[in-house]
Amino acid sequence: DVRQRQTSADFRVYADGHLRAEAVQVTPADAPQELEISLRGTRELRLEVSTSQWDYCHAVWIEPTLIPATSARDTDRVFVDCLGRAEIELPPAAPTADLCLATVASPGMESWLDSLLVSWRENAQCPHAVVAVFCFHANPELRRIIDHHGAVCVDCKGLAPVNMAAKSVLYSVAHVVRAKAFICFDADVLVLRPLEDLRASIRALRKEAVFVARDSANLPNLQVALERIYGSSADEVARHRGQNAWNFAQYPHVVNDGVIAGSERAMQSVDATIRSMPGMQTWIAAAEDSYPWRNQFVFNLALAKRDCCVVIDDRMNWQLNHREIQIDRSTGCVRSPGSGEPITCMHFNGRGRQKHRQLQQ
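Quick caveat: nothing in here was measured; it's all calculated off a predicted structure. (Residues numbered from 1 in each chain as written. Predicted model: local features only at pLDDT ≥ 70, side-chain atom pairs only at ≥ 80, totals over all residues. Heavy atoms only, no water.)

Draft legend 1. The sheet that holds strand S17 (residues 345-347), seen in detail. The strand order across the open sheet built from three strands is S10-S17-S14, with neighbouring strands paired in mixed fashion. Each having just a single partner strand, strand S10 (189-191) and strand S14 (318-319) make up the two edges of the open sheet. Relative to S17, S14 is paired through two bridges, and the arrangement is parallel. Looking at the pairing, glutamine 319 lines up with histidine 347 of S17. (Pairing = 2+ DSSP bridges. Helix = DSSP H or I, 4+ residues; strand = E, 2+ residues; numbered from the N terminus.)

Draft legend 2. Seen up close, the sheet that holds strand S2 (residues 18-26). One open sheet accounts for three strands, arranged S2-S1-S3; its pairing is antiparallel. Either end of the sheet is taken by a strand with one partner, and the two such strands are S2 and strand S3 (45-50). Taken pair by pair, the neighbouring strands of this sheet meet at an average axis angle of 15°, ignoring direction. With six bridges joining them, strand S1 (residues 9-15) and S3 adopt antiparallel strand pairing. Residue pairing in the sheet places aspartate 10 in a bridge with serine 50 of S3. With respect to the sheet, helix H7 (residues 264-275) is in contact with S1 and S2, its orientation differing from that of S2 by roughly 55°. (Axes fitted to C-alpha atoms, helices over the stretch in contact; angles between N-to-C directions. Contact = heavy atoms within 4.5 Å.)

Draft legend 3. Summary view of the nonpolar core. Among the nonpolar cores identified, the biggest contains 59 residues, and Phe134, Val210, Ile274, Trp283, Phe297, Phe299 and Leu303 are the most heavily contacted of them. For this core, the element with the most residues is helix H9 (residues 295-306), which contributes seven residues. Other than its neighbours up to four places away in sequence, leucine 303 contacts Val210, Val212, Tyr251, Val255, Val270, Cys308 and Cys309. (Core = buried A, V, L, I, M, F, W, Y, C linked by side-chain atoms within 4.5 Å. Buried < 20%, exposed > 50% of the residue type's maximum accessible area, 1.4 Å probe, protein only.)

Draft legend 4. Representation of helix H2 (residues 110-124) within the structure. For H2, spanning 15 residues, the distance from its first C-alpha to its last is 20 Å, which sits close to the expected 21 Å at 1.5 Å a residue. Within H2, burial applies to Glu110, Trp112, Leu113, Ser115, Leu116, Leu117, Ser119, Trp120 and Ala124. Here the buried face of H2 lies against strand S6 (96-105), strand S7 (130-136), helix H3 (140-148), strand S9 (178-185) and S10. (Expected span 1.5 Å × (residues − 1).)

Draft legend 5. Focus on the pattern of salt bridges. The tally for this structure, following the rule as stated, stands at 21 salt bridges. With a shortest N-O distance of 3.3 Å, arginine 121 and glutamate 122 are connected by a salt bridge. (Salt bridge = Lys/Arg side-chain N within 4 Å of Asp/Glu carboxyl O.)

Draft legend 6. Expanded view of the layout of surface pockets. Size it by volume and the second largest pocket reaches roughly 710 Å³. Met164, Lys167, Asp186, Trp293 and Asn349 are, among the 33 residues lining the second largest pocket, the residues nearest its centre. Among the secondary structure elements, those contributing two or more residues to the lining of the second largest pocket are S6, strand S12 (255-263) and H9. The leading source of residues in the lining of the second largest pocket is S6, at three residues. Looking at the lining of the second largest pocket residue by residue, the class counts come to 13 nonpolar, 13 polar and seven charged. (1 Å grid on protein atoms, 1.4 Å probe; cavity = no way out; pocket = protein on both sides within 12 Å on 5 of 7 lines; lining within 4 Å. Points joined across faces, edges and corners; volume = space filled by probe spheres on them. Nonpolar A, V, L, I, M, F, W, Y, C, P; charged D, E, K, R; others polar.)

Draft legend 7. How the structure looks around the packing of H7 against H9. Two numbers describe how H7 lies on H9: the axes approach to 9 Å, and their chain directions differ by 105°. Between H7 and H9, the angle is such that the two are roughly perpendicular. Residues Ser269, Val270, Thr273 and Ile274 of H7 lie in contact with H9, whose contacting residues are Val298, Phe299, Ala302, Leu303, Lys305 and Arg306. (Parallel < 35°, antiparallel > 145°, perpendicular 65-115°, else oblique.)

Draft legend 8. Summary view of the packing of aromatic side chains. This model, assessed by the stated rule, comprises seven aromatic pairs. Summarising the aromatic geometry, the rings of phenylalanine 11 and tryptophan 61 are spaced 5.2 Å apart at their centres and angled 80° between planes, so their arrangement reads as edge-to-face. A residue pair is termed long-range when its members are at least 10 positions apart, and phenylalanine 11 in strand S1 and tryptophan 61 in the loop between S3 and helix H1 (72-75) qualify at 50 residues. By relative accessible area, which is 11% here, phenylalanine 11 ends up buried. (Phe/Tyr/Trp six-rings, centres within 6.5 Å; stacked < 30°, edge-to-face > 60°.)

Draft legend 9. Up close: the environment of alanine 105. Mapped onto the elements of the fold, alanine 105 is located in strand S6. Classification of alanine 105 as buried rests on a relative accessible area of 1%. Sequence spacing of alanine 105 and phenylalanine 136 is 31 residues, and the spatial spacing of their C-alpha atoms is 6.4 Å. In this structure alanine 105 touches Leu113, Val133, Phe134, Cys135, Phe136 and Leu142, once residues within four positions along its chain are discounted.

Below you can see the structure in the form of structure tokens.
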């Protein structure tokens, strides 16, 4: 009854104080949005609405319903990630730490995973962090590598093709591991320097902040990225997500999710915001063969919707797809060719997988 009024509201669902689902910036013209979560083991459920535009803001929850868990799967410790890519087997006791380092692996990625874990151990200087590997269809060699490095194997069963989009399980990491802060990496990353600056930034800035580096393609906004990187258009996204989603087309931060960092609250918010866009799963599936990295656009859209992106130095996610490096042979230091500054995380993404093969060992 207030369709022409300028107002909006944020709807959030909390389970035992943890944000589990949300629909943010809902306007009077929006269609109803469905939020569905598992409340297994929850003692307290809270539904919350907030707004900064109080006039005409009449918020309505439409028939909130608790559905008893009756199937065998519901009684197991199984959790589905926010993009529906996998059933994640929750560990009997959720790993707990101040910091969690997380990545994703599947058969064929054994050498990449081993190199990443070695680089963490040697260079990250995070000795007390929990290291979690979300592993799709783990084979004996993957389990051997994970055990050898003292990491936690989080078993994942694919509900969709296991391709580049499978790393979206990391968007839900805060519902699997209990930690105050998270740093998530693609498996084709090497950590070359201490991560203390990134850890300090997470502690210092607002709890909702998500720390990411710009995509090395260096595009001006999400609309241009949608057309050039993800093979789509604004009209196509609007059909799946609703016209209101495209209010974020001009968001200027186009980022790469090879390195993601944030607090527990920040990562829970990313998960919840993506869950509020269920139509995007269909959009991803429509181009699974040609553009298996569309999950990254959904991640970008979630950051735009929350306006929570904090852009970090490119050297925290130095993407070899569009960049080169300079190697100081006397010290072994890997540097940016332009500034000569040391690189902290080197990412062998895209065409970068064929570069500097000796460094991958």
